[in-house]
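Listed here are the chains, written in short residue letters.
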Amino acid sequence: KAGVTQTPRYLIKTRGQQVTLSCSPISGHRSVSWYQQTPGQGLQFLFEYFSETQRNKGNFPGRFSGRQFSNSRSEMNVSTLELGDSALYLCASSLAGQSNEQFFGPGTRLTVL
Amino acid sequence: AQSVTQLGSHVSVSEGALVLLRCNYSSSVPPYLFWYVQYPNQGLQLLLKYTSAATLVKGINGFEAEFKKSETSFHLTKPSAHMSDAAEYFCAAGPININAGGTSYGKLTFGQGTILTVHP
């Protein structure tokens, strides 16, 4: 079974731009969660989607948004990029998003200049 | 709010020595607990998980962890370190109540991570 895939793996953007990251979950997994990883703040939860609905959201500004499609693939969007948005963005999928373990993709490394 | 604390941001051991990585959680109700490993430029790989079935949990690559409710701990151990174990390790807590609704779905709370160095 293929794992979680994320595209692109690396991105360089400038302040003020917007970016869209993509995540394809493991086949059969309907829950997709997104995390931001930075050296200073560690791993922080962004949001979780299940059956195209956002069920949970972390403490991030409205510039961070996401969506999920009917095939469970998910995208996250960051508008008006700031330098502090530079991070590794990780996507994880699970069967139901609760007690089931989450399987992580390799991440997208975003650098904002 | 749920929190996870990993004692020691860096742990260094010799090859063949015992590995002990410490994790404590704060919750009145034991959450689901996980240990993940991250190698450079990669995502997180699940080592093991505790979901209340057994207090001693065995995982991949010879790792195991013991859940101790009285100490609110879930420390990760490996009897004999290998050079390939060098990586960053994260302890994480999952939702407490599967029916908790919108405040818990899909959210893992992570510790700050422990970088394990293995010396020859």
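Above this text sits the structure in question.
Summarised in this report is the structure supplied together with it.

Reading guide: rules and limits
Chains are numbered independently. Their residues run from 1 in the order of the written sequence. Going through the entries in the order they are written, you letter the chains from A and number the ligands from 1. A pLDDT threshold of at least 70 governs which residues receive local features in this predicted model, and a stricter bar of 80 or more applies before side-chain atom pairs are shown or counted, although totals over entire chains, interfaces and linings include all residues. Hydrogens and water are ignored here; the side-chain numbers use all heavy atoms of the structure. Each residue is placed in one exposure class: buried if its accessible area under a 1.4 Å probe, protein chains only, is under 20% of its type's maximum, exposed if it is over 50%, and partly exposed if it falls in between. Working definition: helices are DSSP H or I runs of at least four residues, strands are E runs of at least two. Numbering for both runs from the N terminus. Only when DSSP finds a minimum of two bridges between them are two strands counted as paired. Disulfide: a pair of cysteine sulfur atoms within 2.5 Å of each other.

## Observations regarding the pairing of strand β5 (residues 42-50) of chain A
All names here are of chain A. Within β5, eight of the nine residues are buried, which leaves the element mostly enclosed by the surrounding structure. Sheet topology places strand β4 (residues 31-38) next to β5; eight bridges connect them, and they run antiparallel. Note that in β5 the partner of Gln37 across the bridge is Leu43. Examined bridge by bridge, β5 and strand β6 (residues 53-57) share four bridges and lie antiparallel to one another. When the sheet's bridge partners are listed, Tyr49 is paired in β6 with Gln54. Counted between consecutive antiparallel strands, the loop separating β5 from β6 contains two residues, among which Ser51 sits at a positive phi close to 50°.

## So, the state of the cysteines
Here, the word disulfide means a covalent bond between the sulfur atoms of two cysteines. Enumeration according to the criterion identifies two disulfides over all chains in this entry. Through a disulfide, A:Cys23 is tied to A:Cys91; the S-S separation comes to 1.7 Å. Measuring the twist about the S-S bond at about -50°, one finds the A:Cys23-A:Cys91 disulfide to be left-handed. Here the residue A:Cys23 occupies a position in strand β3 (residues 19-24), and A:Cys91 occupies one in strand β9 (residues 87-94), the gap between them amounting to 68 residues. Exposure remark for A:Cys23: the relative accessible area of 0% places this residue in the buried category. Covalent S-S linkage joins B:Cys23 and B:Cys91, the inter-sulfur distance amounting to 2.0 Å. As the torsion about the S-S bond is roughly -60°, the B:Cys23-B:Cys91 disulfide counts as left-handed. Linking B:Cys23 in strand β3 (residues 19-26) with B:Cys91 in strand β9 (residues 87-93), this pair joins segments that are 68 residues apart in sequence. As far as burial versus exposure is concerned, B:Cys23 and B:Cys91 are alike and both buried.

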